[in-house]
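Below, each chain spelled out in residue letters.
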Amino acid sequence: MKKIYNEIYEKIKEFDKIVIARHIGADIDALGSSIGLKEVITNTFPKKKVSVIGAYSSIFKYMGKMDKLDEKEIKDSLLIVLDTPNIVRIDGITNPRDFKYIIKIDHHPEVDSFEDIKWVEEDASSVCQMLIELVNNTDLEMNKVAAEKLFMGVVTDTNRFMYDYTSPKTFRLVGDLMEKQELVLRPLYDTLYRRNLVDVRFNGYVAEHLNVTEHGLGYIIIDDETIQKFGGDTALTGNIIGNFNNINEVLVWVFFTEDKKNNLIKVNARSRGPIINTSLEKFGGGGHIYASGARLTDKDDIEKIIKELDKVCVEYKKGK
Ligand SMILES: [Mn+2]
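Only a predicted model underlies this, so the values are computations on that prediction, with no experimental measurement involved.

A. Layout of the environment of isoleucine 87. Tracing the backbone through its elements, the reader meets isoleucine 87 in the loop between β3 (78-82) and β4 (101-106). For isoleucine 87, a count of 16 C-beta atoms within 10 Å gives the class partly exposed. Considering only alpha carbons, one finds isoleucine 87 and glycine 319, 232 residues apart in sequence, at a separation of 34 Å. Other than its neighbours up to four places away in sequence, isoleucine 87 contacts Pro96, Asp112 and Phe114.

B. Representation of unusual backbone geometry. Positive phi outside glycine occurs at aspartate 83, with the angle close to 65 degrees. The phi angle at arginine 160 is positive, at roughly 55 degrees, despite the residue not being glycine. Within the secondary structure layout, arginine 160 lies in the loop between α4 (144-157) and α5 (168-180).

C. Region of interest: the packing of α4 against α5. At a closest axis distance of 11 Å, the pairing of α4 and α5 adopts a crossing angle of 150 degrees. The angle between α4 and α5 places the two elements in the roughly antiparallel class. When the axes of α4 and α5 are compared, the crossing they make is left-handed. Taken together, the residues of α5 that come into contact with α4 (itself represented by Ala147, Phe151 and Val154) are Thr170, Val174 and Leu177. Grouping the constituent residues of the contact of α4 with α5 by class yields 5 nonpolar, 1 polar and no charged.

D. Inspection of the nonpolar core at higher detail. If you look at the biggest cluster of nonpolar residues, it comprises 53 residues, and the most contacted ones within it are Ile18, Ile20, Ile80 and Leu131. Residues in contact with isoleucine 18, not counting those within four places in the same chain, are Ile12, Ile41, Lys48, Val50, Ser77, Leu78 and Ile80. Among the nonpolar cores identified, the runner-up in size contains 28 residues, and Phe202, Leu296, Leu309 and Cys313 belong to it.

E. Focus on the pairing of strand β9 (residues 264-271). Most of β9 is tucked away: 7 of the 8 residues are buried. Where strand β8 (residues 252-259) meets β9, 8 bridges bridge the pair, whose relative direction is antiparallel. Across the sheet, residue glutamate 258 finds its bridge partner in β9, namely isoleucine 265. Between β8 and the antiparallel strand that follows it, β9, lie 4 residues; asparagine 263 among them carries a positive phi value of about 55 degrees. Relative to strand β11 (residues 291-296), β9 runs antiparallel, the two sharing 6 bridges.

What counts and what doesn't
Residues numbered from 1 in each chain as written. Predicted model: local features only at pLDDT ≥ 70, side-chain atom pairs only at ≥ 80, totals over all residues. Helix = DSSP H or I, 4+ residues; strand = E, 2+ residues; numbered from the N terminus. Buried ≥ 20, exposed ≤ 12 C-beta atoms within 10 Å, placed from the backbone. Contact = placed C-beta atoms within 7 Å. Axes fitted to C-alpha atoms, helices over the stretch in contact; angles between N-to-C directions. Parallel < 35°, antiparallel > 145°, perpendicular 65-115°, else oblique. Left-handed = near helix turned anticlockwise from the far one by under 90°. Nonpolar A, V, L, I, M, F, W, Y, C, P; charged D, E, K, R; others polar. Core = buried A, V, L, I, M, F, W, Y, C linked by C-beta atoms within 7 Å. Pairing = 2+ DSSP bridges.

None of the figures reported here should be taken as evidence of function without further support.
Printed below as a string of structure tokens:
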């Protein structure tokens, strides 16, 4: 293991221009890891030019701003891809191989091999956790700004240290970080978890209208009219989907959200047992085993996904 820390560190040291990318539909682990790593690199090597690319996230605006990719510099730059297993999900880059050198750091099951060196650990709680580990084992220098971003990524990807991937190592890394960087938790948790009333009302709407099959699949189709009624932002579903965990009658839950502007249906699925990413891969999506998504252009796929995930629940119950 030691070797990979060093290889990554040496490449970061070698390049003057570094571009950091992460997955589309960024979550806090993706944003925290990319912005946190930029902070760590510029803190250690102030002369390097480091750019974090990808779409700006308005719902997570507190995580920070994005940089512009300078096309002319691609061929001389090091690309670091975080939290993203496949090329089509890298936000802002179509041909990663145009970069001079590519490092992939990820905790998703592997899909595409596009990198020169990789550090993929499926049982790491988050990429943010992996980066704390990387910094601890190299001459990269942490600071408080980076520590806060990385901490928030660990907290959210583990759902406040609840998911199975939360390990003794997670607590050791985070505990040590908290102590050394004097992290104060209250403002960080306020940033992450304070909600707008519209989210709470939307949560109530979904709770009220969720269909639940006898096998434990919860599903809801949220049309554009409903989205407009709650303010018009389709990202709203992502804010509340985590609230439907730990319900006796619901094993897997999936939200289909109409995105009229982009003419597609966003699929957001979660599970508290059955493996669901393989099901969504059949519809061009994917993700983690318990948290996956897809984007549909064909409305007929909605019914197919409902059937597929219901079957997954049946098989899971049989196996128990
Ligand atoms: Mn992640």
